[in-house]
Amino acid sequence: MLSIRKFMERFPNERACREYLFHIRWPRGFICTKCGESKYSVIRTRNLFECAYCKTQTSTTSGTVMHRTKLPLQYWLFTFYWVGSGVRCSARSIAKTLKLNYRTALRLLHNVRYAMFRAEFDGLYAFWLPNKPEFPPIVMKAKHRMVKKAERFIHKHYRRISERNRHLYFSEYRFRSIHRDSIEAIAKLITSGASTMYTIHEYRTMNYKDPYR
Ligand SMILES: [Zn+2]
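Residues numbered from 1 in each chain as written. Predicted model: local features only at pLDDT ≥ 70, side-chain atom pairs only at ≥ 80, totals over all residues.

Undergrad: Can you break down the overall build of the chain residue by residue, with the values?
TA: A count of helices and strands for the chain gives nine helices and three strands. Secondary structure elements of the chain occur, N-terminal to C-terminal, as α-α-β-β-β-α-α-α-α-α-α-α. Along the first, second and third principal axes, the C-alpha set of the chain runs to 55 × 50 × 30 Å. By the burial criterion, 28% of the 213 residues in the chain qualify as buried. (Helix = DSSP H or I, 4+ residues; strand = E, 2+ residues; numbered from the N terminus. Buried ≥ 20, exposed ≤ 12 C-beta atoms within 10 Å, placed from the backbone.)

Right, here's the structure in full:
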């Protein structure tokens, strides 16, 4: 369930949001997204992390849908939370709650849907995309039930949607049906497009054994 109070307790300010973003992106400490180095220095005035090796500057939002955003991180996390809680979430209600104009709210929500799309992208569902590849009839038949369910979801939640953005609503349906827990959903939306798993040092020392040799 959506509880604004619960959200505000957990993310009372920008700093709490930024710290949470850092923790979710780099649970075992900073890793440079470009070269995999884990040593870094902090540029406090601009909230940037500079890699000690390649000098690339990274922020907690780079690579994510929040990159170069002018909106407070709290607004983003709140929208992630809202969407992840399973409650109907329209641009109009976002605009009203966050006191944004409608167009800004719509753009925010579309970006969040894009994060949903990236988080759970699977080539098997590409038939929903605008320039979809050809799928054999047997695949389409197998997907038929799921498509029907997705269409019912879209119809129930949204009155008018543009054809051009139809696949984003499909992504929303898919994402919501996979992630029922809102905290897990937030984490998934944050790391969508921005995760770095291992440092270069760890990678070099991993000894992978080929099971077929
Ligand atoms: Zn680096």
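Undergrad: An account of the sheet that holds strand 2 (residues 48-51) is needed here, citing residue identities and associated values.
TA: Taken in spatial order, the three strands of this open sheet run 1-2-3, and their pairing is antiparallel. If you trace the sheet from one side to the other, it starts and ends with strand 1 (40-43) and strand 3 (57-58), each paired once. Sheet topology places strand 2 next to strand 3; two bridges connect them, and they run antiparallel. Note that in strand 3 the partner of Glu50 across the bridge is Gln57. (Pairing = 2+ DSSP bridges.)

Undergrad: Break down the pairing of strand 2 for me, citing the residues and quoting the values.
TA: The alternating pattern of strand 2 places Phe49 and Cys51 on a buried face, while none of Leu48 and Glu50, on the opposite face, is buried. Where strand 1 meets strand 2, four bridges bridge the pair, whose relative direction is antiparallel. Paired with Val42 across the strands is Phe49, a residue of strand 2. Connecting strand 1 to the next strand, strand 2, in antiparallel fashion are four residues, including Asn47 with a positive phi near 55 degrees. What sits between the antiparallel neighbours strand 2 and strand 3 is a turn of five residues, in which Lys55 has the positive phi angle 65 degrees.

Undergrad: Break down the packing of helix 3 (residues 73-84) against helix 5 (residues 102-119) for me, citing the residues and quoting the values.
TA: It is at 10 Å that the axes of helix 3 and helix 5 come closest, and there the two elements cross at 60 degrees. Our pair here, helix 3 against helix 5, has a crossing hand that is right-handed. Contacts from Tyr75, Thr79, Phe80 and Val83 of helix 3 reach helix 5 at Leu108, Leu109 and Val112. (Axes fitted to C-alpha atoms, helices over the stretch in contact; angles between N-to-C directions. Left-handed = near helix turned anticlockwise from the far one by under 90°. Contact = placed C-beta atoms within 7 Å.)

Undergrad: Break down the nonpolar core for me, with residues and values.
TA: Membership of the largest hydrophobic core comes to 30 residues, with the highest contact counts inside it found for Leu77, Phe80, Val112, Met116, Ile186 and Leu189. Only helix 2 (14-25), helix 3, helix 5 and helix 8 (182-191) provide two or more residues apiece to this core. Looking at this core element by element, the count peaks at nine residues for helix 3. Every residue in contact with Leu77, bar those within four places of it in the chain, is listed here: Phe11, Cys17 and Ile186. Trp26, Ile31, Tyr40 and Phe49 belong to the second-largest nonpolar core, a separate cluster that totals six residues. (Core = buried A, V, L, I, M, F, W, Y, C linked by C-beta atoms within 7 Å.)

Undergrad: Break down helix 2 for me, with residues and values.
TA: End to end, helix 2 covers 16 Å across 12 residues, agreeing with the expected 16 Å (1.5 Å per residue, within 8%). Taken residue by residue, helix 2 has Cys17, Leu21 and Arg25 as its buried positions. Down the axis of helix 2, the buried set is contained in an arc of 60 degrees. They therefore lie on one face. Exposed and oriented more than 90 degrees from the buried face of helix 2 are Arg15 and His23. (Expected span 1.5 Å × (residues − 1). Arc of directions from axis to C-beta.)

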